[in-house]
Amino acid sequence: MRCQRVIETMIGNLSKRYYCLPTFLLIILALAFPGCGQQNLDALPPLTLIDCEDRVVDSSEPGCLLIKAHDGALSDVVFSPNANQVATSSIDECVRIWNADTGECLTAFNAQKYTLALAYSPDGKKLYCSALNHGIYSVDTETYSSKVLARTDSSEGPPQGMVVSPSGELVAVGTKPVWLFRTSDFKLVAELRGHAQGGDTLAFSPDGNTLVSGNADHTAIVWDIPSETIRFKVKHGYWVGGV
């Protein structure tokens, strides 16, 4: 129940999630931030630590916290694997990490561009973040140090979805292709192409051998990760916003 209450009180109306804006709008916005390839990271701003002020609005109801998490619509919210932390991102350009029991803000970063997606590593030691400037970042959840890891191609749309494999060895990032990065050195190891638009939502199977991607092109694709091929594709009547 704690997890459910924290989610309900921290994010409110999920219809305001930023990545649910039309993909064409995200692509138009992204044109202002041209990419220079995965290896050119110098142009990406680092995550900057900002003040982590008290944002608990109401704690009067037992077991419930009302928190003004951000100053703009939330784009993503994730629990750490041990459920002790909740991380949130927003179009206010900030990423915040919270104590899931008390609502205390543990740390906060400014990405200088809209932040789109979050994912914890299976051991909870790293939080990955993507932003509208096509940057992929990591945050050490113990020291709160951050690092620029990669930059996706701006011509393929912004990195809207993100998921870490159960083994922690891969990070999948959803643009028009799905990018697979190796976490040990964050090198690009595969581009999975099959969608007509930017990628919105991703999920690994428990064994990590299968990835499902949902997309604004009204399709969900089931990928075989070892062979990097499509197993099958499912057509929906509208935007696939969750898998």
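Quick notes on unusual backbone geometry
Despite not being glycine, H134 shows a phi value in the positive range, around 75°. With respect to the secondary-structure elements, H134 resides in the loop between β9 (126-131) and β10 (135-140). Residue classification places H134 among the buried positions, given a relative accessible area of 0%. Unusually for a residue other than glycine, H218 sits at a positive phi of about 75°. Among the secondary structure elements, H218 is positioned in the loop between β17 (210-215) and β18 (219-224). Under the relative-accessibility criterion, H218 is labelled partly exposed at 25%.

Focus: the sheet that holds β18
On the basis of which strands lie adjacent, the open sheet formed by four strands has the order β16-β17-β18-β19 and antiparallel pairing. The open sheet terminates on both sides in strands that have one partner only, identified here as β16 (199-204) and β19 (229-235). Strand-to-strand twist of the sheet, defined as the mean angle between neighbouring strand axes without regard to direction, takes the value 20°. The pairing of β17 with β18 spans five bridges and is antiparallel. Looking at the pairing, G214 lines up with A220 of β18.

Observations concerning the layout of surface pockets
The calculated volume of the largest pocket comes to roughly 340 Å³. Along its surface, the largest pocket is lined by 21 residues, and V78, L118, A119, M162 and V163 are the ones closest to its centre. Taken together, the residues that form the lining of the largest pocket break down as 13 nonpolar, five polar and three charged.

Observations concerning the pattern of salt bridges
For the structure on display, the rule yields four salt bridges. As a salt-bridge pair, E156 and R193 come within 2.7 Å of each other at their nearest N and O atoms. Within this pair, whereas E156 is found in the loop between β11 (146-151) and β12 (161-164), its partner R193 is found in the loop between β15 (187-192) and β16, the two being separated by 37 residues in sequence. On the basis of relative accessible area, E156 is assigned to the buried category, the value being 13%. The salt bridge partner of R193 is E191, with a shortest N-O separation of 2.9 Å. A relative accessible area of 38% means that E191 is categorised as partly exposed. Counted as one network, the salt bridges with shared partners bring together E156, E191 and R193.

What to know about the pairing of strand β14 (residues 178-182)
A large share of β14 lies buried, amounting to four of its five residues. As paired elements, strand β13 (residues 170-174) and β14 share five bridges and run antiparallel to each other. Its bridge partner being in β14, A172 is matched across the sheet by L180. Linkage of β13 to β14, two consecutive antiparallel strands, is achieved through a turn of three residues. Examined bridge by bridge, β14 and β15 share five bridges and lie antiparallel to one another. Paired with L180 across the two strands is A190, which belongs to β15. Hairpin connection of β14 to β15: four residues between the antiparallel strands, including F186 at a positive phi of 55°.

Section: the pairing of strand β4 (residues 74-79)
The buried fraction of β4 amounts to five of the six residues, a majority that puts the element mostly inside the structure. Where β4 and strand β5 (residues 85-90) come together, five bridges link them in antiparallel fashion. By the bridge assignment for β5, L74 is matched with S90. The hairpin turn running from β4 into β5, its antiparallel successor, is five residues long, and A83 in that turn takes a positive phi close to 65°.

Observations concerning the environment of D217
Residue position: D217 is located in the loop between β17 and β18. Beyond its immediate stretch of four places on either side in the chain, D217 contacts H195, A196, Q197 and K235. A distance of 3.2 Å separates the side chain of D217 from the side chain of H195, its partner in a polar contact. A polar contact of 2.8 Å, which involves the side chain of D217, links it to the backbone nitrogen of A196.

Section: the environment of D185
Tracing the chain through its elements places D185 in the loop between β14 and β15. A relative accessible area of 38% places D185 in the partly exposed class. It is 8.7 Å that separates the C-alpha atoms of D185 and L149, two residues lying 36 residues apart in sequence. Looking at D185, its side chain comes within polar contact range of the side chain of R182, at 2.6 Å. A polar contact is formed between the side chain of D185 and the backbone nitrogen of K187, at a distance of 3.2 Å.

Rules of the game
Residues numbered from 1 in each chain as written. Predicted model: local features only at pLDDT ≥ 70, side-chain atom pairs only at ≥ 80, totals over all residues. Heavy atoms only, no water. Helix = DSSP H or I, 4+ residues; strand = E, 2+ residues; numbered from the N terminus. Buried < 20%, exposed > 50% of the residue type's maximum accessible area, 1.4 Å probe, protein only. Pairing = 2+ DSSP bridges. Axes fitted to C-alpha atoms, helices over the stretch in contact; angles between N-to-C directions. 1 Å grid on protein atoms, 1.4 Å probe; cavity = no way out; pocket = protein on both sides within 12 Å on 5 of 7 lines; lining within 4 Å. Points joined across faces, edges and corners; volume = space filled by probe spheres on them. Nonpolar A, V, L, I, M, F, W, Y, C, P; charged D, E, K, R; others polar. Salt bridge = Lys/Arg side-chain N within 4 Å of Asp/Glu carboxyl O. Contact = heavy atoms within 4.5 Å. Polar contact = N/O pair within 3.5 Å; in protein donor to acceptor, adjacent residues only side chain to side chain.

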